[in-house]
Amino acid sequence: MTESGKIELMCPAGNFESLQAALDNGADSIYFGVEQLNMRARSSVNFTLDDLEEISKRCSQKGVRTYLTLNTIIYDHDLSIIKTVLDRAKSASISAVIAMDQAVIAYARQIGMEVHISTQINITNIETVKFYSLFADTMVLSRELSLSQVKKITSQINKEQIKGPGGKLVEIEIFGHGALCMAVSGKCYLSLHSHNSSANRGACKQNCRKKYTVIDQESGFEIEIDNEYMMSPKDLCTIDFLDQVIDSGVKVLKIEGRGRAPEYVATVTKCYREAIGAIASGSFTKEAVAEWMKKLETVYNRGFWSGYYLGQKLGEWSDNPGSNATQKKVYIGKGRHFYPKTKIGEFEIEAYSLNVGDKILIQGPTTGSQEAEVSSMMVDDIPAQEAKKGDILTLPIGFKIRPSDKLYKVVKA
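Residue positions within a chain follow its written sequence, with the count starting from 1. Selection of residues for local features in this predicted model requires a pLDDT of at least 70, selection of side-chain atom pairs for listing and counting requires 80 or more, and totals for whole chains, interfaces and linings are taken over all residues. Hydrogens and water molecules were not included; the side-chain quantities draw on all heavy atoms of the structure.

## Considerations on the environment of Lys251
Part 1 of the argument: Secondary structure elements follow DSSP: runs of H or I no shorter than four residues count as helices, runs of E no shorter than two count as strands, and numbering proceeds from the N terminus. Of note, Lys251 is situated in the loop between α8 (242-247) and β11 (252-255).
Part 2 of the argument: For each residue, the accessible area found with a 1.4 Å probe, counting protein chains only, is set against the maximum for its type, and the residue is called buried under 20%, exposed over 50%, and partly exposed in between. Overall, Lys251 belongs to the partly exposed group, its relative accessible area being 32%.
Part 3 of the argument: Spatially, the C-alpha atoms of Lys251 and Leu9 are 8.9 Å apart, while their sequence positions differ by 242 residues.

As structure tokens, this is what we get:
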């Protein structure tokens, strides 16, 4: 929970670009994986053990909490790795570990590290909350619960004064935005069955996102399932009823997306940060929600629905295998130099072209994900309206860029 008493906004980081994007756009906490023992072991780059100190340093400078995900199924041969990872996380002052396996929970408690219970455990009632309060201070509830069910649990926590090991009332966390899985709380065997690649070990092949044909085995008659990917849910979005989410008594709102791009993290974090602020100030309106929805639609999404929070019994399915984003980024070049006195950035165009008036995206491990519009430019120190492949250009930019940064042009999808 933030000091100001607002709901904690917890954001994903699959790499340093996304981490910085979350920090720059108002995250209260970030969650991330290292190496292989997390539920996005294959879909995001993931950090290494040697990155832990840098993650902790960047976040502590902004007062942002850090949560390490160690939430896969654990086998005997993983036990020594778990201890190594948790020991390093503890020494790097990582705030907490998100866990589902009792081996992880037990060792984290042994070394005095805060534990958060993963959605993989599928907590759906107050008695289960009581049980895990012996080990954990924060718990992610099952994604299949309605807000009324969530509120009943948070009310009981207050009524019965259920406290975690830290001595404070147990805090409830729920997912607020991002991808949903057809399986209950993500426990799925399709990928293991078809590719010997376990979703429960962070190696999902996403069978559910593909197109299928149904065959009548008696007649051989084939039906192509059209207009609906019947195992692929639309993405969760709660921004239009975020006031009801906060009213349910949850303390942490989690944004899904460790496998998604830095601009996704930047945009979603910024929108929810603004929405949380608007609720606190009394300026949360339909008009504001419409603007946030418009922005959320610009980055990766499979279409949006409210999940099960408002009482729906069945999911809403996506109508295409990929993204419905209204924008996409096209790589055009890289950063070369930044002139701090004049706030001028120098870039090399390696593909396509760039024009005055274009919207650009600059991304890098330290820069994060920054958007800007090209108001003017110079090519070979001469004012120009266009820069082409091979050109070195300079343009005014309101933030520092670095030689490692990538330059993208943002275009309609």
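## With respect to the sheet that holds strand β13 (residues 327-339)
Part 1 of the argument: Taken in spatial order, the eight strands make up an open sheet running β17-β16-β22-β13-β14-β21-β18-β19, and their pairing is antiparallel. For this open sheet the edge positions go to β17 (368-373) and β19 (382-384), each flanked by a neighbour on one side alone. The mean inter-strand angle of the sheet, taken between neighbouring strand axes irrespective of direction, is 35 degrees.
Part 2 of the argument: Strand pairing follows a simple DSSP-based rule, namely that at least 2 bridges must link the two strands. For strand β16 (residues 359-364) and β17, the ladder comprises six bridges, and the chain directions are antiparallel. Looking across to β17, one finds that Ile360 is bridged to Ala372.
Part 3 of the argument: Where helix α9 (residues 262-281) meets the sheet, its contacts fall on β13, β16 and β17, and the angle it forms with β17 comes to roughly 75 degrees. Interaxial angle, 0 to 180 degrees, is taken between N-to-C directions of lines fitted to C-alpha atoms, where a helix line uses only the stretch in contact. We call two residues contacting when some pair of their heavy atoms lies within 4.5 Å.

## Some thoughts on helix α4 (residues 102-110)
Structurally, the α-helix is built with 3.6 residues per turn, so residues lying three or four positions apart point the same way.
Part 1 of the argument: Among all positions of α4, only Val104, Ile105, Tyr107 and Ala108 are buried.
Part 2 of the argument: The inward-facing, buried residues of α4 abut β3 (65-70), α3 (79-91), β4 (96-99), β5 (114-117) and α5 (126-132).
Part 3 of the argument: Each polar contact in these results corresponds to two N or O atoms within 3.5 Å; when the atoms are within protein, one needs to be able to donate a hydrogen and the other to accept it, and residues that are neighboring in sequence are counted only if both atoms are side-chain atoms. The opening residue of α4, the one whose side-chain oxygen lies 2.8 Å from the backbone nitrogen of Ala103, is Asp101.

## Comments concerning the packing of aromatic side chains
We describe a pair of aromatic rings using the distance from one ring centre to the other and the angle between the two ring planes.
Part 1 of the argument: Aromatic contacts are taken between Phe, Tyr and Trp rings whose centres are within 6.5 Å, Trp giving its six-membered ring; a plane angle under 30 degrees counts as stacked, one over 60 as edge-to-face, and the others as tilted. Applying the stated criterion across every chain yields a total of seven aromatic pairs.
Part 2 of the argument: Plain terms: the ring middles of Phe16 and Phe47 are 5.0 Å apart, the flat faces sit at 75 degrees to each other, and that makes the pair edge-to-face. Note that Phe16 is positioned in helix α1 (residues 16-24) and Phe47 in the loop between β2 (29-32) and α2 (52-61), a separation of 31 residues in sequence.
Part 3 of the argument: For Phe16, a relative accessible area of 15% corresponds to the buried category.

## Some points on the confidence of the model for the chain
Part 1 of the argument: Taken as a whole, the chain shows an average pLDDT of 90; of its residues, 88% reach a score of 70 or greater.
Part 2 of the argument: pLDDT runs from 0 to 100 and stands for how confident the predictor is about each residue. Here residues 1-5 is modelled with pLDDT under 50, and outside its nearest four sequence neighbours on either side it reaches eight contacts, counting other chains as well.

## Section: the nonpolar core
Part 1 of the argument: Nonpolar core, defined: a set of buried Ala, Val, Leu, Ile, Met, Phe, Trp, Tyr and Cys residues in which side-chain atoms within 4.5 Å join the residues together. Counting residues in each nonpolar core, the largest one holds 87 residues, and the members touching the most others are Ile30, Phe32, Ile174 and Tyr272.
Part 2 of the argument: For this core, the element with the highest residue contribution is α9, accounting for nine residues.
Part 3 of the argument: Formed by 19 residues, the second largest nonpolar core is a distinct cluster that contains Ile362, Met377, Phe399 and Leu407.

## Considering unusual backbone geometry
Part 1 of the argument: Non-glycine residue Lys343 carries a positive phi angle of around 55 degrees.
Part 2 of the argument: Counting through the fold element by element, Lys343 comes out in the loop between β13 and β14 (344-349).
Part 3 of the argument: Even without being glycine, Tyr352 reaches a positive phi, approximately 60 degrees.
Part 4 of the argument: Considering the arrangement of structural elements, one finds Tyr352 in the loop between β14 and β15 (353-355).

## Points about the environment of Leu395
Part 1 of the argument: Considering the arrangement of structural elements, one finds Leu395 in strand β21 (residues 392-396).
Part 2 of the argument: Using a relative accessible area of 1% as the deciding quantity, one classes Leu395 as buried.
Part 3 of the argument: Separated by 20 residues in sequence, Leu395 and Ser375 have C-alpha atoms that sit 7.9 Å apart.
Part 4 of the argument: Every residue in contact with Leu395, bar those within four places of it in the chain, is listed here: Lys343, Ile344, Gly345, Phe347, Leu354, Ile360, Val374, Ser376 and Met377.

## What about the packing of α9 against helix α10 (residues 286-296)?
Part 1 of the argument: Interhelical geometry of α9 versus α10 gives an angle of 170 degrees and a closest axis separation of 9 Å. What the angle tells us is that α9 and α10 run roughly antiparallel. Judged by residue contacts, Thr267, Val268, Cys271, Tyr272, Glu274, Ala275 and Ala278 of α9 engage Trp292, Lys295 and Leu296 from α10.
Part 2 of the argument: Here the residues of the contact of α9 with α10 sort into seven nonpolar, one polar and two charged. Reported orientations rely on four angle classes, namely roughly parallel under 35 degrees, roughly antiparallel over 145, roughly perpendicular from 65 to 115, and oblique for the rest. For this scheme, ten residues count as nonpolar: Ala, Val, Leu, Ile, Met, Phe, Trp, Tyr, Cys and Pro. Four count as charged, namely Asp, Glu, Lys and Arg, and the remainder, Gly too, count as polar.

## What about the pattern of salt bridges?
Part 1 of the argument: Should a side-chain nitrogen of Lys or Arg be within 4 Å of a carboxyl oxygen of Asp or Glu, the pair is scored as a salt bridge. Evaluated as defined, the whole model comprises 18 salt bridges.
Part 2 of the argument: Among the salt bridges present, the one from Arg88 reaches Asp50, with a minimum N-O distance of 3.0 Å. Taken as a pair, Arg88 in helix α3 and Asp50 in the loop between β2 and α2 lie far apart in primary sequence, 38 residues in all.
Part 3 of the argument: Since its relative accessible area comes to 26%, Arg88 is described here as partly exposed.
Part 4 of the argument: Salt-bridge contacts for Arg58 lead to Glu54; the nearest nitrogen and oxygen are separated by 2.9 Å. Here Arg58 and its partner Glu54 are both found in helix α2, four residues apart, which amounts to about one turn of the helix.
Part 5 of the argument: For Arg58, a relative accessible area of 11% translates into the label buried.
Part 6 of the argument: Residues joined by salt bridges that share partners form a network here, namely Glu127, Lys130 and Glu160.

## A word on the pairing of β21
Part 1 of the argument: One ladder, built from five bridges, connects β14 with β21; its direction is antiparallel. Note that in β21 the partner of Glu348 across the bridge is Ile392.
Part 2 of the argument: For strand β18 (residues 377-379) and β21, the ladder comprises two bridges, and the chain directions are antiparallel. When the bridges of β21 are listed, Val379 appears paired with Leu393.

## What to know about the packing of α3 against α4
If you want to describe how two helices pack, look at the angle between their axes and the distance between the axes.
Part 1 of the argument: At a closest axis distance of 10 Å, the pairing of α3 and α4 adopts a crossing angle of 40 degrees. Comparing their axes, α4 and α3 come out oblique. Here α3 and α4 pass one another in a crossing that is right-handed. Here Leu79, Ile82, Lys83, Leu86 and Asp87 of α3 lie close against α4, whose contacting residues are Ala103, Val104, Tyr107 and Ala108. Should the near helix be turned anticlockwise from the far one by less than a right angle, the crossing is left-handed, and should it be turned clockwise, the crossing is right-handed.

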